[in-house]
Amino acid sequence: MTVIVTDTGFGPDTWTAGYEGNTALDLPSDTNPVELVEQLDADVQMIRINFPSFADGRGFTIARQLRLSGYTGHIRAYGHVIADQYAMARRSGFDDVEISEDLAARQPETQWLARANWQQHNYQSRMRGGSPAAA
Amino acid sequence: MARAFTPKVITANHLIEGDVIYLTATDTWSRDLAEAELITDEAHAQLRLLDAQSQAATVVGAYLADAVSGDAGPEPTHFREEFRRTGPSNYAHGKQEALAHV
Amino acid sequence: MYKYNEFDAAFLAERNAQFRAQVERRIDGSLTEDEFKPLRLMNGLYLQLHAYMLRVAIPYGTLNSAQMNQLALLAEKWDKGYGHFTTRQNIQFNWPKLSDVPDMLDALAEVGMHAIQTSGNTIRNVTADHFAGAAADEIEDPRPVAELIRQWSTDHPEFQFMGRKFKIAVGGGAKDRAVLKAHDLAVRVVQNDAGEIGYQILIGGGLGRTPMIGKVINDFLPRADLLPYLEAVVSVWNQIGRRDNKYKARIKITLHEHGMDDIRARVDARFALIKPTFQGADQELFSEIEAYFAAPDFRTDSTAVFSTAYKTDPVFRSWVDTNLAEHRQDDHAIVTISIKKHGATPGDASAEQMRVMADLAAKYGYDELRISHEQNVILPHVHKSDLPAIHAKLKQHGLGTANIGLISDIIACPGMDYCALATARSIPVAEQLATRFDELKLEHDIGHLQIKISGCINACGHHHVGHIGILGLDRAGVENYQITLGGDATWSAAVGERAGPGFAYDEIIPAVERIVSAYLDIRSTPDETFLETYRRVGLAPFKAALYPEAQKKVA
Ligand code: SF4
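Criteria and cut-off values
- Residue numbers run consecutively from 1 along every chain, following the written order of its sequence.
- As they are written, the chains are lettered A onward and the ligands numbered 1 onward, keeping that order.
- Local features are withheld for residues below a pLDDT of 70 in this predicted model, meaning they are given only at 70 or higher, and side-chain atom pairs are given and counted only at 80 or more; totals for whole chains, interfaces and linings count all residues.
- No hydrogens and no water enter the side-chain calculation; it runs on all heavy atoms of the structure.
- In what follows, residue pairs with any heavy atoms lying within 4.5 Å of each other are defined as contacts.
- Here the quantity called buried area is the accessible surface, traced with a 1.4 Å probe, that two parts lose on coming together, added over both.
- Between Lys or Arg on one side and Asp or Glu on the other, a salt bridge is scored when a side-chain nitrogen of the former is within 4 Å of a carboxyl oxygen of the latter.
- Each nonpolar core is a collection of buried residues, namely Ala, Val, Leu, Ile, Met, Phe, Trp, Tyr and Cys, held together in the definition by side-chain atoms within 4.5 Å.
- A simple rule labels every residue: compare its accessible area, found with a 1.4 Å probe on the protein chains alone, to the largest value its type can have, and call it buried under 20%, exposed over 50%, or partly exposed in between.
- What marks off one domain from the next here is an automatic or database domain assignment.
- Two strands form a pair only when DSSP identifies at least two bridges running between them.
- A helix here means a DSSP run of H or I that spans at least four residues, while a strand means a run of E at least two residues long, and both kinds are numbered starting from the N terminus.
- Axis angles are defined between N-to-C directions and span 0 to 180 degrees, where every axis is a line fitted to C-alpha atoms and, for a helix, only to the segment in contact.
- Here a polar contact is recorded for every N or O atom pair within 3.5 Å, except that within protein the pair must consist of a potential hydrogen donor and a potential acceptor, and residues adjacent in sequence are included only if both atoms are side-chain atoms.
- Under the scheme applied, nonpolar residues are Ala, Val, Leu, Ile, Met, Phe, Trp, Tyr, Cys and Pro; charged residues are Asp, Glu, Lys and Arg; polar residues are all the others, including Gly.
- The cutoff for a nearby residue is simple: one of its non-hydrogen atoms must lie within 4 Å of the molecule or strand.
- UniProt positions are given in the numbering used here, feature names are shortened, and annotations may be inferred rather than shown by experiment.
- Two aromatic rings from Phe, Tyr or Trp, using only the six-membered ring of Trp, form a pair when their centres are within 6.5 Å; if the ring planes differ by under 30 degrees the pair is stacked, by over 60 it is edge-to-face, and anything between is tilted.
- Any angle that is under 35 degrees is reported as roughly parallel, and any over 145 degrees as roughly antiparallel; angles of 65 to 115 degrees are reported as roughly perpendicular and all others as oblique.
- Put simply, a crossing is left-handed when the front helix is turned counterclockwise from the back one by less than a right angle, and right-handed when it is turned clockwise.

Visitor: Explain the interface of chain C and chain A here, please?
Guide: The extent of an interface is frequently quoted as the accessible surface area lost upon association of the parts. Listed per partner, the contact involves 45 residues of chain C and 38 residues of chain A. In this assembly, chain C packs against chain A so that about 3600 Å² is buried in total across both faces, 54% of it on carbon and sulfur atoms. Of all residues in chain C, the largest losses of buried area upon contact with chain A belong to Phe7, Pro157 and Phe161 of chain C, amounting jointly to 20% of the total for that side. Our count for the chain C to chain A interface comes out at seven salt bridges.

Here you go:
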């Protein structure tokens, strides 16, 4: 079992369609986002991007490229993502983070909730004239 | 051919203080290389290293460093370990400072 | 200079609270050491040979007297009474305890300073020309751009866990004083034929194991395109840069492997996607930032005191001739304070010295100080009539050395005395070289000659671009020093050529002496600098001087 982290804390996985059909994609961190966007099927509603290690930050760039290219479906970060990266994931375009129960035990919900304020203190949204919450 | 095993000590930095420490035969950490356990058996060295690395709440970056047996206990063989047990050469700071205060 | 607004202050307070919690979570086991390490690094905290080391950013090298005084306080309260200025406009404290670092960061925040992104695989502290805002040859003060880049790169969500570090420098003068061509990315303020100001962008420079000189990717970028363009470059590199080998991860290797045309095409495509996300707020911010960097109200006064002292006091005259640079205002000067007293550690200043410099800045220097990549401190705006008083005060505190640009103004990294990555020492080599050439009383005769020393292949001491570069290595358990000649850190940047086999610790000083005496013998006139002579005659005569034994065998 895994744990899904959102702005409201820990919860169960509500994506029940799996990653086999053509509505979901399960991607490794070395995916080329440019090719991905070119080939993206209109049926895709869920894209899960793997973090083999928290130190591999390519997933952030992939998610952001998807958003910049107009993809509006769900994007999930999956694997070794630490609580300290939650704000980065949300700011890069991820909707939620899927972590193992072991990691959830070591870094409990409060440590993730501490970063649920990702819309505040955000230099990027200032640069881009973003929401007032971030100004 | 595998290279013959040379004697080692286990050394690390203290998590909070950051200074250089050595694992002793009685499973404590000492700030003095002379008090370190000199390990002459390769299998034992690997076991002791695992012991040291499991103490993540106290130490950082444990590793095996070459040493030889001297009059007062283990001594370094490489200049890097000589600096670690002494301190920098531009100021009398680090371990040499602590010794000067004794 | 830039003053933190409410947003900056609140951001920093939040960031420091996060770091305080991270330290606690490391201690209670929530974070493993592997996870904690990049987090502490992106907050400037290293674990070195003997202790932790905190690297504090001095963004684009600019600080005021209150900030300098606060650095002195940190040095005294949590360290051993001194700090070390580095080649990237940072200051390092060599002895903090992990448990004290959150308090140190809070103390820095009181004066609008931080240690964010001075390390780690992120965009590093942005550096700039240390004469910015003062130099006579300047097109535009590069610091507003540097501050804009600082804000954009700070905590950028996409760029905190990259394959490797990414260093940016900004220059705004005709001369390059920021080693632009040795950076992953350099921004150079330029003016086009229509008189518009824009930016020339270079990428792929870097020293280290594979030294490369930066190349132009964009000749003229309009002002408003700067941030989206930088974001496109870093984003492309974050995606395609190699992660299998840390020595091949920097953008210089990506550029080398893919070629400029390929990289440029990728960057242009990504730029097209990113540009619409910038809707002008960055440009408004830029105008606000620019206002902070408006030049001070330069006072006008007679310079007679200066002229008299210059005529009558030879020590003052020598200092003026060596340590001063031309200011954009005729009756002002740029003063470089040497942190290279003969025989002392290059770049180290005591808390007392920091306070003296802060006081001088407050009293005479429009409250401005700068740190150079050459590890010296600068008073960028000084009215010439104040120079005698400043010089007198500096002399009293071991800061009056007249050696800027001379052979004893040596860049040296911390080397094996502190650095966990080092393969040999650099500080004692620098100390001994400076002492030796001071004894010989030749350095003013030798003229402009830069020695740069690194304690390992990472090249923090910029040895590749030193006129004489020295690289300390470990050869079979013994310190060994390799010499390169003819490096150049300016706009005509060049990587030095290796002279031959290395020298032992006790042979390196005489070896450098042989190079210098060869230069004195073969220079065409006393005005021909070492680098000019080297470019004229090449490596051979220096090699002959360095290895007389080999010459004999051939003969
Ligand atoms: S060049 Fe090497 S020894 Fe010197 S500071 Fe950098 S990493 Fe350390």
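Visitor: For this particular structure, what's the right way to read the nonpolar core?
Guide: Residues and elements named next belong to chain C. Met68, Leu71 and Trp319 are the most contacted members of the largest nonpolar core, which has 93 residues in total. Looking at which domains feed residues into this core, each of domain 1 (6-109) and domain 3 (304-396) supplies at least three. Excluding residues within four positions of it along the chain, Leu71 makes contact with Val56, Ile58, Leu63, Ile91, Phe93, Leu108, Met113 and Met354. Counting 47 residues, the second largest nonpolar core, distinct from the first, contains Val145, Ile168, Ile201 and Ile217.

Visitor: Got a minute to help me understand the sheet that holds strand β7 (residues 168-171) of chain C in this structure?
Guide: Sheet strands line up and pair through hydrogen bonds in the backbone, either parallel or antiparallel. Residue and element names in this part refer to chain C. Spatial ordering of the open sheet is given by β6-β7-β8-β9-β10, a layout of five strands whose pairing is mixed. With one partner strand each, in any of the chains shown, β6 (127-128) and β10 (215-222) form the two edges of the open sheet. Taken together, the four bridges between β7 and strand β8 (residues 185-191) define a ladder with parallel strand orientation. Bridging across to β8, Gly171 finds its partner in Arg188. Relative to the sheet, helix α6 (residues 226-240) contacts β7, β8, β9 (197-203) and β10, its axis offset from that of β10 by approximately 150°.

Visitor: Just to check I follow, could you spell out the interface of chain B and chain C for this structure?
Guide: Listed as interface residues are 24 residues of chain B and, on the opposing side, 32 residues of chain C. Note that Glu17 of chain B is salt-bridged to Lys97 of chain C, the shortest N-O span being 3.9 Å. Applying the counting rule to chain B against chain C returns eleven residue pairs in polar contact (both at pLDDT 80 or more). The set of elements that each furnish at least two residues to the side of chain B that touches chain C consists of β1 (8-14), β4 (59-70) and α2 (79-86) of chain B. With four residues, the single largest contributor to the side of chain B that touches chain C is α2 of chain B. Residues belonging to the side of chain B that touches chain C are distributed by class as follows: ten nonpolar, nine polar and five charged.

Visitor: Any chance you could explain the arrangement of the chains here in plain terms?
Guide: Taken together, the two pairs of chains in contact show their highest number of contacts between chains A and C. Structurally, chain A and chain B remain out of contact, their C-alpha atoms never closer than 14 Å.

Visitor: Please explain the site of the ligand as it appears in this structure.
Guide: Contacts to the ligand come from Cys413, Pro414, Gly415, Cys419, Leu421, Ala422, Ser454, Gly455, Cys456, Asn458, Ala459 and Cys460 of chain C. The class makeup of the residues in the shell around the ligand is eight nonpolar, four polar and no charged.

Visitor: Can you help me understand the pairing of β9 of chain C in this one?
Guide: Residue and element names in this part refer to chain C. The buried fraction of β9 is high, at six of seven residues. As judged from the seven bridges shared by β8 and β9, these two strands associate in the antiparallel manner. Across the sheet, residue Val189 finds its bridge partner in β9, namely Tyr199. Remark: five residues form the turn of the hairpin made by β8 and β9, two consecutive strands paired antiparallel; Gly195 in that turn has positive phi of roughly 85°. Note that β9 and β10 share five bridges and pair antiparallel. Within β10, the residue paired with Leu202 across the bridge is Val216.

Visitor: What is the right way to look at the domain arrangement of chain C in this model?
Guide: Residue and element names in this part refer to chain C. Domain annotation for chain C reports domain 1 (6-109), domain 2 (134-291), domain 3 (304-396) and domain 4 (416-554). The C-alpha centroid of domain 2 is placed 26 Å from the C-alpha centroid of domain 1. Domain 1 puts ten residues into the contact, and the matching count from domain 2 is twelve residues. For the pair domain 1 and domain 2, the summed buried surface comes to about 850 Å²; carbon and sulfur atoms form 61% of the total. Across the contact surface, domain 1 and domain 2 share two salt bridges. Inspection of the region where domain 1 meets domain 2 yields two residue pairs in polar contact (both at pLDDT 80 or more). Broken down by secondary-structure element, the contributors of at least two residues to the side of domain 1 that touches domain 2 are α1 (6-27) and α2 (33-41). Looking at the side of domain 1 that touches domain 2 element by element, the count peaks at three residues for α1.

Visitor: Hey, could you run me through the UniProt feature "domain: Nitrite/sulphite reductase 4Fe-4S" (unreviewed entry) in chain C in this one?
Guide: Residues and elements named next belong to chain C. The sites that carry the UniProt feature "domain: Nitrite/sulphite reductase 4Fe-4S" (unreviewed entry) are, in the present numbering, residues 119-271 and 410-549. The span residues 119-271 is 30% helical and 18% strand by assignment, and the distance between its end C-alpha atoms comes to 27 Å. For residues 410-549, the helix share is 36%, the strand share is 19%, and the end-to-end C-alpha distance is 28 Å.

Visitor: Help me out: how do you make sense of the side chain of Ser235 of chain C in this one?
Guide: Position of Ser235 of chain C among the secondary structure elements: in helix α6. Reaching out from Ser235 of chain C, the side chain makes a polar contact with the side chain of Glu158 of chain C at a distance of 2.8 Å.

Visitor: Can you walk me through the environment of Thr345 of chain C in this structure?
Guide: All names here are of chain C. Structurally, the position occupied by Thr345 is in the loop between β12 (332-337) and β13 (348-350). Given the relative accessible area of 4%, Thr345 is considered buried. One polar contact links Thr345 to Glu431, side chain to side chain, over a distance of 3.3 Å.

Visitor: Help me understand the packing of aromatic side chains, please; the structure alone is not making it clear to me.
Guide: What describes a pair of aromatic rings is the distance from one ring centre to the other and the angle between the planes of the rings. All names here are of chain C. Under the definition given, this model contains 26 aromatic pairs over all chains. On the basis of an interplanar angle of 80° and a centroid distance of 5.6 Å, the ring pair of Phe298 and Tyr366 is categorised as edge-to-face. Pair noted here: Phe298 is in the loop between α9 (281-292) and α10 (304-312) and Tyr366 is in the loop between α12 (351-364) and β14 (369-371), with a separation of 68 residues, a long-range link. Aromatic pair Phe306 and Phe316: ring centres 6.0 Å apart, planes at 75°, arrangement edge-to-face. Of this pair, Phe306 sits in helix α10 while Phe316 sits in helix α11 (residues 314-323), and the two are ten residues apart along the sequence. Overall, the relative accessible area of 2% leaves Phe316 in the buried class. By way of ring pairs, the aromatic residues Phe306, Tyr310, Phe316 and Trp319 are connected into one cluster.

Visitor: Even after reading the chapter, I still don't get the packing of helix α3 (residues 65-78) of chain C against helix α4 (residues 101-109) of chain C, so can you show me in this structure?
Guide: Between two packed helices, what matters for the description is the angle formed by their axes and the separation of those axes. Residue and element names in this part refer to chain C. Look at α3 against α4: their axes get within 10 Å of each other, and the N-to-C directions meet at 160°. Considering the angle they form, α3 stands roughly antiparallel to α4. Note on packing geometry: the crossing formed by α3 with α4 is right-handed. Together, Gln70, Leu71, Leu74 and Trp78 of α3 and Asp103, Met104, Ala107 and Leu108 of α4 make up the contact between the two elements.

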